[in-house]
Amino acid sequence: MVWYQLWRGIGVETEFAVIGGGIVGLSLAFGLQRLGKQVTVFDEGDQAFRASRGNFGLVWVQGKGAELPDYARWTRLSASLWPSFRDELEGEANVRLELNQTGGLDICLSEGDLEAAVTRLEGLCAALGGDYPYELLGHNALKELVPETGPTVAGATFSPEDGHVNPLYLMRALHAAFVRRGGTVTNGSRVKRIAPQSAGFLIDNGAEHRAHQVVLAAGLGNGELAPMVGLDAPVKPSRGQILVTERVKPFLNYATAHIRQVGEGAVQIGDSKEDVGFNDETTPNVAAAIARRAMRIFPILEHVRVVRTWGALRVMSPDGFPIYQQSTACPGASLVTCHSGVTLAAAHTLELAPWIGGGARPPYVESFGVERFQLPTSA
Amino acid sequence: MMGACFDCLVEIDGMPNRQACMVQVRPDMVVRSMSGARDIHPEHTDRDND
């Protein structure tokens with residue numbers, strides 16, 4: 001039994017080692033398995049700053065990539081792949097993901113916010129040659145769509161391509177599908193060292209393992225690991241706090257940028273963007289601000305009790321976009337990091353994993369190399 | 001682990017989704033079992049749970 005060997009500290013040999021057992025790592029591991037590769041996932045365990053356990057669960061297109069249109073294209077590709085990805089994963093894992101892609105609302109409290117949102121979407125639409133569906137909803141149109149909308153809300157922008165999913169079920173399904181296909185997940189010990197060998201890599205998580213190829217998908221942990229295999233992962237944490245209410249009957253049929261109702265009925269309310277380092281605690285003042293905004297959007301929430309709050313750390317690159325890089329110094333090592341592991345899960349499994357597995361580079365991915373952060377050398 | 005699981009939700013004195021394990025019983029308290037999730041609109045709450 002492989003787990004027994006690991007428990008005894010005896011190393012394994014694997015074709016692909018994926019470092020990181022969150023949604024990004026498991027999406028890639030599952031994608032590699034679909035190509036017939038043999039994969040071991042090295043997961044630090046639940047003591048890690050696990051973004052996959054704290055994120056909001058949006059499958060979101062609207063407004064993304066205004067500064068880098070290939071990010072809009074890559075995001076939309078993933079959103080369009082999500083239904084077939086869902087079908088395959090639900091079938092293999094026998095877990096329902098609660099995917100709902102009926103569209104999403106970016107609800108704006110002020111006219112100024114609404115104008116800024118429209119300007120951003122107009123710019124994206126122009127950059128994508130007019131192929132970018134969205135609608136502007138004034139207060140009355142929004143209220144018609146969601147009668148619970150508050151009287152002081154200016155309006156919303158709507159994208160038919162947005163949606164949401166239960167990210168915990170996504171992670172559970174990926175794990176189940178991966179294990180069912182014969183994959184091994186080791187957790188409870190952090191990978192401290194990766195050493196390139198004459199052939200392949202040595203992976204040290206207390207025991208020494210050997211891998212022909214290695215994929216870094218360790219979120220914030222990639223920062224330390226990347227230089228060991230000739231890569232660079234300039235990622236920093238950005239804290240988000242989320243409130244979760246008691247379960248109520250369905251009232252919100254659309255995902256919104258800050259409020260969504262999950263399949264079981266709880267209302268999930270986000271979020272903050274805080275630069276507080278490696279600290280995922282919650283704070284009353286931020287939670288109160290999140291609650292106040294939510295009650296302006298849907299005043300009916302005033303009567304609904306919050307039962308849980310949590311903080312989690314986003315994995316942010318300097319420009320907020322993913323980093324996809326294959327090492328030239330250490331061939332066989334790849335880096336994958338992003339802060340939208342849910343939205344991009346379908347593309348990571350169906351498009352990015354085949355590239356990591358030795359296939360052709362998928363479209364748009366060339367825009368996400370790490371070299372974009374390297375300063376040009378001055379003369 | 002009292003208060004952690006939300007499996008004991010009841011309606012107490014007209015207020016739905018209270019955790020029975022977290023509220024001390026007192027004379028004349030009206031406790032009813034929940035059936036399904038509560039309605040978010042307060043005016044519907046009582047009848048919808050009957």
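Residues numbered from 1 in each chain as written. Chains lettered and ligands numbered in written order. Predicted model: local features only at pLDDT ≥ 70, side-chain atom pairs only at ≥ 80, totals over all residues.

Student: Would you mind showing me how to read the overall build of chain B here?
Tutor: When its secondary structure is counted, chain B shows one helix and three strands. Reading the secondary structure of chain B in the N-to-C direction produces β-β-β-α. A buried classification covers 10% of the 50 residues belonging to chain B. Counting only contacts in chain B whose residues sit at least 6 apart along the sequence, the fraction spanning at least 24 positions is 14%. (Helix = DSSP H or I, 4+ residues; strand = E, 2+ residues; numbered from the N terminus. Buried ≥ 20, exposed ≤ 12 C-beta atoms within 10 Å, placed from the backbone. Contact = placed C-beta atoms within 7 Å.)

Student: Explanation requested: unusual backbone geometry in the structure shown.
Tutor: Note the cis peptide between Gly 270 of chain A and Asp 271 of chain A, where omega equals -20°. Tracing the backbone through its elements, the reader meets Asp 271 of chain A in the loop between β15 (266–269) and α9 (284–297). The backbone of Phe 6 of chain B shows a phi angle near 60°, a positive value even though the residue is not glycine. One can find Phe 6 of chain B in the segment before β1 (9–12). The partly exposed category is assigned to Phe 6 of chain B, around which 14 C-beta atoms lie within 10 Å. Backbone geometry places Asn 17 of chain B, a non-glycine residue, at a positive phi of 60°. By secondary structure assignment, the location of Asn 17 of chain B is in strand β2 (residues 15–19).

Student: Would you take a moment to explain the sheet that holds strand β5 (residues 135–138) of chain A for this structure?
Tutor: One key point about sheets: their strands pair by backbone hydrogen bonds, in either a parallel or an antiparallel sense. Residue and element names in this part refer to chain A. The four strands are arranged β5-β6-β4-β13 in an open sheet whose pairing can be described as mixed. Both edges of this open sheet fall to β5 and β13 (255–256), since each of them pairs with a single strand only. Note that strand β4 (residues 104–108) and β13 share two bridges and pair parallel. Residue pairing across strands places Leu 105 opposite Thr 256, the latter belonging to β13. (Pairing = 2+ DSSP bridges.)

Student: Sorry if this is basic, but what is going on with helix α4 (residues 69–93) of chain A here?
Tutor: Because an α-helix packs 3.6 residues into every turn, residues spaced three or four apart end up facing the same way. Residue and element names in this part refer to chain A. Taking 1.5 Å as the rise per residue, α4 with 25 residues should run 36 Å; its terminal C-alpha atoms sit 34 Å apart, in good agreement. For α4, every residue scored as buried is listed here: Tyr 71, Ala 72, Trp 74, Thr 75, Arg 76, Ser 78, Ala 79, Trp 82, Phe 85, Arg 86, Leu 89 and Ala 93. Those residues of α4 that are buried lie in contact with β3 (58–59), α5 (111–127), α7 (167–180) and α10 (345–356). Of the residues flanking the end of α4, it is Asn 94, one or two places downstream, whose phi is positive at about 55°. (Expected span 1.5 Å × (residues − 1).)

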